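Residue-level structure breakdown
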Amino acid sequence: MRNEKRIAMTENHQALNDTRLRASKENPYPHDQLKVVPSRYVGRWISAVVIVVLIALVAESMITNPNFGWATVGKYLFSPTILSGLVTTSWLTLVIMLLAIVLGVVIAVMRLSTNPLLSGFSGGWIWFFRGTPVLVQLIFWYNLAALYPTVNIGIPGVFSLWQGSMNDLITPWTAAILGLGLNESAYMAEIIRAGISSVDDGQQEAARALGMTKNQYLKRVILPQAVPFIIPPTGNQIIGMLKTTSLVSVISLSDLLYSAQAIYSRTYENIPLLIVACIWYLVATTLLSAAQTRIEKHYSKGRVR
């Protein structure tokens, strides 16, 4: 019996060797000796050359065209007026986004409420502020005194805590914060609502099983898990708001664009001053993008793709 097994194994080995010998005769180049030729992406190289040529042409045009006024750009790039406008733009962006985020959280929670009054109010808020142009809202708040010349804080006919002119209350700063902040709160509410909705419903059931109240599991369970989903679009909104603040120039608030306009209204060098404003906007958005990337990496440490 053992001899028969040995004979069968020997025959199998002999058949395998015969098969390899025939294959080597048919294909004199074994696979380990084949020359591997990498793929040639002709289209990729052609597109790269075209892009490089276009960039070179645009750069050459910008450098050699005297109408760009690069000497004027260098003269006013660090002008005190321009830097003051940059500080105003930065502070305005910070205050508006803080207001929008706080209101956005409140409106998003109301939107998810089972109370039809709260849900309806938040839905109407989002509908109104997202449905009307932000420039119209900005101008409306700036001209609020046309509707209410005076303002009286207190209970009508009982007592008054403060009474004064609406023009004293609605300054360009106040109008800018209200006009842009309330509009942005509608968008932030939808972003936060989407982040909260991304958390599995089982988390809420588990929190209730542990005896947590609605506010407790919202702060300790839902929002911490929703933050990684909220940060990327919020970062985009902050960068967008930095550029949207340029609209406040229509209400004579001395932001970066208004400061550039104030200079070229005297010197009549429109293009160089607009280039100065664009450079500082690019610097600010680059810094914000870098900060957003670091924050996203921090909050994505526990997530595995």
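The shown structure was predicted, so the numbers you read here are calculated from the model rather than taken from an experiment.

Re the overall build of the protein chain
Tallying secondary structure elements over the protein chain gives twelve helices and two strands in all. A buried classification covers 30% of the 305 residues belonging to the protein chain. The contacts in the protein chain between residues at least 6 apart in sequence include a share of 72% that link residues at least 24 apart. For the protein chain, the accessible area works out to roughly 20500 Å², and carbon and sulfur atoms hold 64% of it.

Digging into the packing of helix H4 (residues 80–111) against helix H10 (residues 214–244)
Following both chains from N to C, one finds H4 and H10 inclined at 140 degrees, their axes separated by 11 Å at the closest point. By the criterion of interaxial angle, the relationship of H4 to H10 is oblique. Crossing of H4 against H10: the hand is right-handed. Between H4 and H10, the contacting residues are Thr89, Thr93, Ile96, Met97, Ile101 and Val109 on the first element and Leu218, Thr234, Gln237, Ile238, Met241 and Leu242 on the second. Looking at the contact of H4 with H10 residue by residue, the classes come out as eight nonpolar, four polar and no charged.

Regarding the packing of helix H8 (residues 172–197) against H10
Taken N-terminus to C-terminus, the directions of H8 and H10 make an angle of 150 degrees; their axes are 8 Å apart at the nearest point. With respect to their mutual orientation, H8 and H10 come out roughly antiparallel. Taken as a pair, H8 and H10 cross one another with a handedness that is right-handed. Each of Leu180, Glu184, Tyr187, Met188, Ile191, Ile192, Gly195 and Ile196 in H8 lies in contact with H10, whose residues at this interface are Ile222, Leu223, Ala226, Phe229, Ile230, Pro233, Thr234, Gln237, Met241 and Thr244. When its residues are assigned to classes, the contact of H8 with H10 shows 13 nonpolar, four polar and one charged.

So, the UniProt feature "transmembrane region" (unreviewed entry) in the protein chain
Feature annotation in UniProt assigns "transmembrane region" (unreviewed entry) to the following positions: residues 45–63, 83–109 and 271–291. In this annotation, residues 83–109 is assigned 100% helix and 0% strand; the end-to-end C-alpha distance for the span is 39 Å. Counting secondary structure, residues 271–291 comes out at 100% helix and 0% strand; the distance between its end C-alpha atoms is 30 Å.

A short note on helix H6 (residues 134–142)
If you check which residues of H6 are buried, you get Gln137, Leu138 and Trp141. Each buried residue of H6 lies within a common arc of 100 degrees when the element is viewed along its axis, so the set occupies one face. At its buried positions, H6 is contacted by helix H5 (116–131) and H8.

Some points on helix H11 (residues 256–267)
With twelve residues, H11 ought to run about 16 Å at 1.5 Å a step, and its terminal C-alpha atoms sit 17 Å apart, in line with that. Where H11 is concerned, the buried positions are Leu256, Leu257, Ser259, Ala260, Ile263 and Tyr264. Relative to the axis of H11, the buried residues are bounded by an arc of 160 degrees and lie together on one face. Looking at the buried residues of H11, the elements they touch are helix H3 (70–76), H4 and helix H12 (270–299). One or two positions beyond H11, positive phi appears at Tyr268, with a value near 60 degrees.

Side note on a nonpolar patch on the surface
On the surface, a cluster of nonpolar side chains totalling about 630 Å² of accessible area is made up of Val42, Ile46, Val49, Val50, Val53, Leu54 and Leu57. Along the chain, the position of Leu57 falls in helix H2 (residues 42–64).

Focus on the environment of Ser289
If you trace the backbone, Ser289 turns up in helix H12. Distance from Ser289 to Ile238, taken between C-alpha atoms, is 9.6 Å for residues 51 residues apart in sequence. Polar side-chain contacts of Ser289 include one of 2.8 Å to the backbone oxygen of Thr285.

With respect to the nonpolar core
Nonpolar side chains tend toward joint burial in soluble globular proteins. Ala176, Ile222, Val248 and Ile251 are the most contacted members of the largest nonpolar core, which has 38 residues in total. At the level of secondary structure, the elements contributing two or more residues to this core comprise H4, H5, H6, H8 and H10. Here this core takes ten residues from H8, the largest share from any one element. Other than its neighbours up to four places away in sequence, Ile251 contacts Leu138, Tyr142, Pro172, Ala175 and Ala176. Within the second largest apolar cluster, 16 residues are counted, among which are Ala260, Tyr264, Val276 and Tyr281.

About the cut-offs
Residues numbered from 1 in each chain as written. Predicted model: local features only at pLDDT ≥ 70, side-chain atom pairs only at ≥ 80, totals over all residues. Heavy atoms only, no water. Helix = DSSP H or I, 4+ residues; strand = E, 2+ residues; numbered from the N terminus. Buried < 20%, exposed > 50% of the residue type's maximum accessible area, 1.4 Å probe, protein only. Contact = heavy atoms within 4.5 Å. Areas by Shrake-Rupley, 256 points an atom, 1.4 Å probe, with all protein chains shown as cover. Axes fitted to C-alpha atoms, helices over the stretch in contact; angles between N-to-C directions. Parallel < 35°, antiparallel > 145°, perpendicular 65-115°, else oblique. Left-handed = near helix turned anticlockwise from the far one by under 90°. Nonpolar A, V, L, I, M, F, W, Y, C, P; charged D, E, K, R; others polar. UniProt positions renumbered as here; feature names shortened; annotations may be inferred. Arc of directions from axis to C-beta. Expected span 1.5 Å × (residues − 1). Patch = residues over 30% accessible without salt bridge, like charges linked within 9 Å, V, L, I, M, F, W, Y side chains within 5 Å. Salt bridge = Lys/Arg side-chain N within 4 Å of Asp/Glu carboxyl O. Polar contact = N/O pair within 3.5 Å; in protein donor to acceptor, adjacent residues only side chain to side chain. Core = buried A, V, L, I, M, F, W, Y, C linked by side-chain atoms within 4.5 Å.

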